[in-house]
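# Tertiary structure, described
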Amino acid sequence: MYLHGTSKINDQGHLEIGGVDATRLVAEYGTPLYVFDEALVRGRCREFVEAFKASGLKFQVAYASKAFCVMAMCRIVDEEGMSLDVVSDGELYTALQAGFPADRIHFHGNNKTIDELEMAIDAKIGCFVVDNFIELQMLDAIAGEKRQKVKILLRITPGVEAHTHEYISTGQTDSKFGFDMGNGSAFRAVQEASQLRNVELLGVHSHIGSQIFEVEGFRMAAEKVAGFAVQVRKEIGVTFKVINLGGGFGIRYVNEDSPLPVAVYVKAITDAIKDNFGSNDFPMPEIWVEPGRSIVGDAGTTLYTVGTTKDIPGVRKYVAVDGGMTDNPRPALYDAVYEAMLANRATEQPTEVVSIAGKCCESGDMLIWDLNLPKVNSGDVLAVSCTGAYNYAMASNYNRIRRPGVIFVKDGQSDLVVKRETFENIVGNDIIPARMKQLSETV
Ligand SMILES: Cc1ncc(COP(=O)(O)O)c(C=O)c1O
Ligand SMILES: N[C@@H](CCCC[NH3+])C(=O)O
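So, here's what we can say about the structure. Small disclaimer: the values here were computed from a predicted structure and weren't measured.

Calculation criteria
Residues numbered from 1 in each chain as written. Chains lettered and ligands numbered in written order. Predicted model: local features only at pLDDT ≥ 70, side-chain atom pairs only at ≥ 80, totals over all residues. Heavy atoms only, no water. 1 Å grid on protein atoms, 1.4 Å probe; cavity = no way out; pocket = protein on both sides within 12 Å on 5 of 7 lines; lining within 4 Å. Points joined across faces, edges and corners; volume = space filled by probe spheres on them. Nonpolar A, V, L, I, M, F, W, Y, C, P; charged D, E, K, R; others polar. Buried < 20%, exposed > 50% of the residue type's maximum accessible area, 1.4 Å probe, protein only. Helix = DSSP H or I, 4+ residues; strand = E, 2+ residues; numbered from the N terminus. Contact = heavy atoms within 4.5 Å. Core = buried A, V, L, I, M, F, W, Y, C linked by side-chain atoms within 4.5 Å. Axes fitted to C-alpha atoms, helices over the stretch in contact; angles between N-to-C directions. Parallel < 35°, antiparallel > 145°, perpendicular 65-115°, else oblique. Left-handed = near helix turned anticlockwise from the far one by under 90°.

## Remarks on empty space enclosed by the protein
- According to the stated counting rule, one finds 1 cavity of 30 Å³ or more in the structure shown.
- The calculated volume of the largest cavity comes to roughly 50 Å³.
- Lining the largest cavity are Met1, His4, Ser7, Ile17, Asp37, Leu40, Asp298, Ala299, Gly300, Thr301, Ser385 and Cys386.
- Residues that form the lining of the largest cavity fall into these classes: 5 nonpolar, 5 polar and 2 charged.

Written as structure tokens, this is what we have:
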């Protein structure tokens, strides 16, 4: 397993993250457990911010909280001076509860409800990324009722197809997101927005997809957006102050993945902006981005305890862990691949090929196929790397399994940032209707 950030093998032959022995974490917090390397998260935030500073452009780096949104994470993002992108009232609520400055919150989503729009207007967030005509009209009306003028970007689909899994590719014409540039709806949206009284149109947003390894897609998107911006300025006199190129920067899950350093992505984007703007035809806009996965993805490791094994001679050996698709649905959803190691026997050589199964009542609940490990025993600790993004965020209670706790580790210290769910949480929202036998009557 590739060791990301501060992860290393210590003198006891154990995996250590943030200066804390993984076996100690297991003893203290139990498994499954999401462990975040805080120094790596902060390091990634700084890589983005520094790279943009180096460009000399005005910028905002908004962490896409959908990747991993908990209050402690919002605190880190604030402390690192970044903005925050939310896509639901739940993410917005989390950010506000964490004391995240509302004026640095951007609100995304293709179907924001009236309640969500009201909540965000009341909180005085910094910017709405408007996805469609209905939302544009609704937002203008609600802002008018509340006597506020809200800042907006329009999400446009530039017709750029990112080379990634089709479910996480979003920049193409056939997408549920945004105003299409190709069929003229993006142009009409700018016309409409620029005439509304309660919105201030800052510019446009484009997000082409996720887990992208090349800069070409970003460059193409920047060029297309620039062409659009020039057309809009020429034909209807509207000048964009902000161009947001979204997120999508890839990370290394496995050996075959070849992400570029953050600075290379940022340079490609800022160069593309400089190449296309900054003349008399178009003043230099502010550039915004929304990285999610690349901030937290490889900073996360999930620790599991090995339970049962099933050997089918000549076919396969299954090794089951105490979690699975409930804490990491990505293999089942996207055929995502992961690396793993035995955290308690990290220096031992691999001797067998096993497949890691989850504990859900579902054949598709497989975390890793064909993994080389030392001979695995019940009670071993399996560490799966790169689980920081879209794992806790997409976790479920399928089979009524309790969601694991989350800890941050740094400089030899571990802090619980999300408690493991309890059985009380599991039944907490259940109600037995009055017409059914009540608990007191069942004993
Ligand atoms: C609009 C938008 N911005 C930002 C992101 C974050 O993407 P990533 O986690 O790949 O950086 C996404 C998710 O793909 C998104 O849909
Ligand atoms: N959930 C996806 C990423 C989606 C990004 C949101 N537009 C993943 O795990 O890869």
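Alright, that's what it looks like, and here's the rest.
## Considerations on helix α3 (residues 71-79)
- When α3 is considered as a whole, its buried residues turn out to be Met73, Cys74, Ile76, Val77 and Asp78.
- Looking at the packing, one finds that the buried side of α3 touches α2 (38-55), β5 (59-64), β6 (83-86), α4 (89-97), α10 (293-296) and β20 (405-410).
- With its phi angle positive at about 75°, Gly81 sits one or two positions after the end of α3.

## Here we look at the layout of surface pockets
- Approximately 1,200 Å³ is the volume attributed to the largest pocket.
- Contributing to the lining of the largest pocket are 50 residues, with Lys66, Val87, Glu91, Tyr390 and Met394 lying nearest its centre.
- Per-element accounting of the lining of the largest pocket gives the leading share, 3 residues, to α4.
- When the residues that make up the lining of the largest pocket are grouped by side-chain class, the tally is 17 nonpolar, 18 polar and 15 charged.

## Notes on the nonpolar core
- If you look at the biggest cluster of nonpolar residues, it comprises 90 residues, and the most contacted ones within it are Tyr63, Phe128, Ile152, Leu154, Phe240 and Val296.
- No other element matches helix α8 (residues 216-236), which puts 8 residues into this core.
- Excluding its chain neighbours within four sequence positions, the residues that come into contact with Tyr63 are Phe68, Met73, Val77, Met82, Ser83, Leu84, Asp85, Pro291, Gly292, Ile295 and Val296.
- Of all hydrophobic cores here, the second largest spans 21 residues; its members include Val254, Val306, Leu342 and Leu382.

## Focus on the packing of α2 against helix α9 (residues 262-276)
- Where α2 contacts α9, the axes come no closer than 9 Å and their chain directions differ by 30°. With respect to α9, the element α2 is oriented roughly parallel. The chirality of how α2 crosses α9 is right-handed. Contacts from Arg44, Glu47, Phe48, Ala51, Phe52 and Ser55 in α2 reach Val262, Ala263, Val266, Thr270 and Lys274 in α9.

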